[in-house]
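As a plain string of letters, each chain reads:
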Amino acid sequence: MRRLNLAKSTRSIYLSLACLSLALHLLLAFFCLSILQTACVLPPSSSTQDTDPVHHGSHPSPLDAGRPERKVQSSRPAGEDSFSGSEKKLTGGGRAAQEVKGRARLEALFRHPLYNLPRPPLQEDDWLLRVRTSEQTEDGEHEGYEEEEAISADSEWWSASEEEGYDKMDWTNDVDTHPPWLRFHLGITRWELYDRRDPNLDQLTHYLATQRILNAVQKTGGTQLKLLMSFPNHGQALLKPMKQSRQAETDVNLFYFSDFERHNAEIAAFHLDRLLGFHRVPPVVGRLINVTTEIREITTDHKLMKTFFTSPAGNVCFYGQCEYYCSTEHPVCGRPHLLEVSLAAMLPDLTLAPRRSWRSPWKRSYSRTKLAQWEKVPAYCDTVKQTPPYNRGTRLVDLIDMAVLDFLMSNMDRHHYETFEKFGNDTFLVHLDHGRAFGRHSQDEPSILAPLQQCCRIRRSTLLRLRLLSLPDSRLSDMMRASLAQDPLAAVAPLLSEPHLSALDRRLATVLQVVRTCQHQHQDVIYDDLGKYEEDQNQQPDGKNK
């Protein structure tokens with residue numbers, strides 16, 4: 001009996017100890033959990049409202065780096081929220097990395113042999129303008145004396161040196177004393193407006209984008225508003241203002257001759273011309289200007305001055321005088337003062353370097369009802385080939401180069417082109433006025449390629465560069481994106497929208513298909529401008545091509 005009572009007492013003790021141990025373990029567990037929870041909770045915000053950094057503009061805590069993002073109900077309407085997924089890749093570090101990669105690929109493209117083909121040695125008469133030497137100054141009978149005298153004494157920039165606000169001219173025969181615009185003029189040759197490898201090209205575009213504007217007057221001629229801007233170093237530039245957003249497409253009901261001119265089209269045309277290896281479009285750069293301090297307050301054009309007004313939204317606007325879209329219904333407005341513009345380097349004054357204007361054989365009728373002759377006669381090119389200056393030299397393939405450029409950027413407004421009179425017919429075509437390009441990305445205009453389709457002729461160097469720009473590593477859209485990213489206005493927004501860039505690739509494929517069709521139908525399609533170059537390469541001492 002005593003033994004039974006002892007066993008019951010032992011079991012009671014063990015049970016009590018077990019319960020006590022369990023209670024202690026539970027207490028310890030609750031204590032540790034409370035410590036860990038306290039360590040993981042962020043300090044409370046001083047505000048009683050939501051502490052989400054989106055609302056308060058504060059930076060997220062480093063502790064949030066590994067956590068899924070908290071979804072916040074946006075107060076913006078649908079469609080006006082922040083960047084889409086594809087746009088996010090183009091912002092911040094991702095965009096910077098892409099620009100670096102694009103620049104590297106662009107530089108690699110320009111290192112390709114097709115962009116470094118040798119030119120024949122330049123002779124004295126292959127330069128448009130030359131600086132007079134001391135010997136020429138002393139020799140009044142020298143052949144070039146009269147022309148150089150005009151450059152020194154009778155040119156517009158020389159007489160302007162006495163006007164208030166202009167820099168003093170200390171120019172000598174040393175090219176380093178010349179401003180960038182003058183070096184550009186002196187660099188024009190029989191074959192191109194500029195050498196892509198010339199460091200002055202970057203200096204010229206930088207000067208256009210940063211130089212103080214001394215005066216602004218409306219340029220006469222043309223159908224839409226253009227201004228002539230003057231700079232203290234006696235340089236000038238042609239300004240075209242922003243008229244519509246980059247995303248806007250030309251109304252399908254508008255005729256090509258009624259379309260707006262676009263500032264970004266002028267900039268993009270310069271970059272595209274350079275990518276095609278032509279170098280026939282004068283340098284153009286984008287700039288953000290103040291319409292009040294850089295136009296209204298400094299202009300000496302009283303007619304332009306009278307067209308300034310303040311819009312109901314408080315923006316400073318003006319409209320000038322021209323044939324189309326110069327009215328209060330179609331003003332150019334700042335936001336409220338700042339305005340995007342394109343600035344194109346001016347060519348030498350016509351008194352120094354006269355130019356001849358040529359009517360394009362494929363000019364459109366500029367009529368709502370009539371068709372041009374080339375639109376009605378499929379064999380129209382046979383007549384052109386027999387007509388000077390298209391019956392000899394490179395004039396016909398030069399014109400087809402221009403047609404390729406126009407088709408890629410959908411420019412239907414090519415009625416004339418120009419050449420420098422000094423070089424006669426043996427020279428390049430100057431590509432001017434591209435404001436109506438890049439109007440529609442969703443539609444191509446095959447008729448722009450009529451010179452290529454009807455003549456079935458193309459330069460070999462042009463064709464090879466087009467093929468190069470169709471390859472994945474040097475795709476035209478990628479090269480254009482990288483090239484345009486170097487323009488100052490790219491910091492505001494891309495100069496060409498992605499649909500416009502994609503359209504370049506689509507149109508390039510169309511050009512190559514037209515050439516293939518021509519090659520199936522004709523024998524003499526390729527104008528071989530590389531034969532002499534390849535022959536010289538094959539005759540190198542080591543017998544190897546570079």
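Residues numbered from 1 in each chain as written. Predicted model: local features only at pLDDT ≥ 70, side-chain atom pairs only at ≥ 80, totals over all residues. Heavy atoms only, no water.

Trainee: Tell me about the UniProt feature "binding site: ATP" (unreviewed entry) in the chain, and please be specific about residues and values.
Mentor: According to UniProt, the feature "binding site: ATP" (unreviewed entry) maps to Q224, K240, E261, A344, A345, M346, L347, E418 and D433 in the numbering used here. Counting through the fold element by element, K240 comes out in strand 3 (residues 236-241). Discounting chain neighbours no more than four positions away, the residues touching K240 are K226, E261, H263, E266, V341, S342, D433 and G435. A distance of 2.6 Å separates a polar atom in the side chain of K240 from a polar atom in the side chain of E266. Take M346: it is sitting in the loop between strand 8 (338-345) and strand 9 (355-359). Assessed through its relative accessible area of 23%, M346 is described here as partly exposed. Sequence-distant contacts of M346, that is, excluding residues within four places in its chain, are made with F184, H185, L228, Q236, A237 and L238. (UniProt positions renumbered as here; feature names shortened; annotations may be inferred. Helix = DSSP H or I, 4+ residues; strand = E, 2+ residues; numbered from the N terminus. Contact = heavy atoms within 4.5 Å. Polar contact = N/O pair within 3.5 Å; in protein donor to acceptor, adjacent residues only side chain to side chain. Buried < 20%, exposed > 50% of the residue type's maximum accessible area, 1.4 Å probe, protein only.)

Trainee: With reference to specific residues and values, describe the packing of aromatic side chains.
Mentor: Using the criterion set out here, one finds 10 aromatic pairs in the structure. With a centroid separation of 6.5 Å and 80° between ring planes, the pair formed by F420 and F423 is classed as edge-to-face. Each ring, one from F420 and one from F428, has its centre 6.3 Å from the other, and the planes form 65°; the classification is edge-to-face. Comparing F420 with F428, the two get one shared label, buried. (Phe/Tyr/Trp six-rings, centres within 6.5 Å; stacked < 30°, edge-to-face > 60°.)

Trainee: Would you mind going over helix 9 (residues 200-210) in detail, with residue names and values included?
Mentor: Three or more residues of helix 9 are buried, namely N200, L201, L204, T205, Y207, L208 and A209. In the core, the buried residues of helix 9 are packed alongside helix 8 (180-186), strand 3, helix 10 (263-275), strand 4 (284-290) and strand 8.

Trainee: So, the nonpolar core: which residues are in play, and what are the values?
Mentor: Of all hydrophobic cores here, the largest spans 111 residues; its most connected members are L272, I295, F318, W362, F420 and M480. Residues within four places of F420 in sequence aside, it is in contact with L128, I188, L193, L347, A353, P354, R355, F428 and V430. (Core = buried A, V, L, I, M, F, W, Y, C linked by side-chain atoms within 4.5 Å.)

Trainee: Which residues make up the pattern of salt bridges, and what are the values?
Mentor: Evaluation of the coordinates by the stated rule reveals 23 salt bridges. Between R197 and D195 there is a salt bridge whose closest N-O contact spans 3.4 Å. Residue R197 is classed as exposed on the basis of its relative accessible area, which comes to 52%. With a shortest N-O distance of 3.3 Å, E261 and K240 are connected by a salt bridge. Of this pair, E261 sits in the loop between strand 3 and helix 10 while K240 sits in strand 3, and the two are 21 residues apart along the sequence. Both residues of the pair, E261 and K240, count as buried. Beyond isolated ion pairs, a larger network of salt bridges with shared partners links R105, R475, D478, R481 and E498. (Salt bridge = Lys/Arg side-chain N within 4 Å of Asp/Glu carboxyl O.)

Trainee: Explain helix 19 (residues 498-521) residue by residue, including any values.
Mentor: Since there are 3.6 residues in each turn of an α-helix, residues three or four apart along the chain are aligned in direction. When the terminal C-alpha atoms of helix 19 are compared, their 36 Å separation across 24 residues agrees well with the 34 Å that a helix rising 1.5 Å per residue should span. Listed as buried for helix 19 are H500, L501, A503, L504, R507, L508, V511, L512, V514, V515 and C518. Considering only its buried residues, helix 19 is in contact with helix 10, helix 15 (395-408), helix 16 (450-455), strand 11 (458-459), helix 17 (460-468) and helix 18 (476-484). (Expected span 1.5 Å × (residues − 1).)

Trainee: So, the confidence of the model for the chain: which residues are in play, and what are the values?
Mentor: In the predicted model, the chain carries a mean pLDDT of 81, and 75% of its residues have values of at least 70. The low-confidence segment residues 35-91, where pLDDT is below 50, has 25 contacts with residues more than four positions distant or belonging to other chains. (pLDDT = per-residue confidence, 0-100.)

Trainee: Let's hear about the side chain of R190: which residues, and what values?
Mentor: Tracing the backbone through its elements, the reader meets R190 in the loop between helix 8 and helix 9. Taking relative accessible area as the criterion, R190 reaches 10% and is therefore assigned buried. A distance of 2.7 Å separates a polar atom in the side chain of R190 from a polar atom in the side chain of D126. Discounting residues that sit within four places of it in the chain, R190 has contacts with D125, D126, F423, D426, T427 and F428.

Trainee: Give me the side chain of R246: which residues, what numbers.
Mentor: Looking at where R246 falls in the secondary structure, it is placed in the loop between strand 3 and helix 10. Relative accessible area serves as the criterion here: at 6%, R246 is assigned to the buried category. Of the polar contacts made by the side chain of R246, one reaches the side chain of E340; its length is 2.6 Å. In terms of polar contacts, R246 uses its side chain to reach the backbone carbonyl oxygen of P494, at 2.8 Å.

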